Amino acid sequence: MSPVRLFILAVLFYIAWRLFNGPRNKKPKSRHDQSKSSEVKDILMEDPVCHTLVPKGQAIRLRHKGKTYYFCSEKCCDTFTRESGGQE
Ligand SMILES: [Zn+2]
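### With respect to the overall build of the chain
Scanning the chain from N- to C-terminus turns up three helices and four strands. The long-range share in the chain, meaning contacts at least 24 apart out of those at least 6 apart in sequence, stands at 20%. Roughly 7,500 Å² of accessible area belongs to the chain as shown, and the carbon and sulfur atoms make up 57% of that amount.

Right under this line is the structure:
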């Protein structure tokens, strides 16, 4: 095989590689946005009452004084609101 043909092959291979990998590399931003809505659910949050780690997606959320708290159960949520002097 001549060096020119090798070069052409290499260029074709490069173009094919770019076509295959290009679209994926173009979307780091949208992938990041998706991770905010879906992947973040798997982050473990500490329950401030019983100190259990709960997956964010399954946790019971409570907004309290501008902060969001995550609880393993409504029982813990109730305990927290009672101890912190009720909801705003
Ligand atoms: Zn708890």
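Having put the structure on the table, let's press on.
### Concerning the nonpolar core
Core analysis: the biggest nonpolar cluster contains six residues, these being L62, Y69, F71, C76, C77 and F80. The set of elements that each furnish at least two residues to this core consists of β4 (67-71) and α3 (74-83). The greatest single-element share of this core, amounting to three residues, is contributed by α3. Setting aside anything within four residues of it in sequence, one finds Y69 in contact with P48, I60, R61, L62, H64 and F80.

### Let's talk about the coordination of the zinc ion
Donor atoms from the polypeptide that coordinate the zinc ion comprise D47 (OD), C50 (SG), C72 (SG) and C76 (SG), at 2.0 to 2.2 Å from the metal. With four donor atoms in place around the zinc ion and angles of 97 to 119° between them, the coordination shape is tetrahedral. Going along the chain, you hit the donors of the zinc ion in the pattern D-x2-C-x21-C-x3-C. With D47 in the loop between β1 (44-46) and β2 (53-55) and C72 in the loop between β4 and α3, this pair connects stretches of sequence that are 25 residues apart.

About the criteria used
- Residues numbered from 1 in each chain as written.
- Predicted model: local features only at pLDDT ≥ 70, side-chain atom pairs only at ≥ 80, totals over all residues.
- Heavy atoms only, no water.
- Helix = DSSP H or I, 4+ residues; strand = E, 2+ residues; numbered from the N terminus.
- Contact = heavy atoms within 4.5 Å.
- Areas by Shrake-Rupley, 256 points an atom, 1.4 Å probe, with all protein chains shown as cover.
- Core = buried A, V, L, I, M, F, W, Y, C linked by side-chain atoms within 4.5 Å.
- Buried < 20%, exposed > 50% of the residue type's maximum accessible area, 1.4 Å probe, protein only.
- Donors = N, O, S within 2.8 Å, 3.2 Å for Na, K, Ca; no water.
- Tetrahedral: all angles 85-135°; square planar, octahedral: opposite > 155°, others 65-115°.

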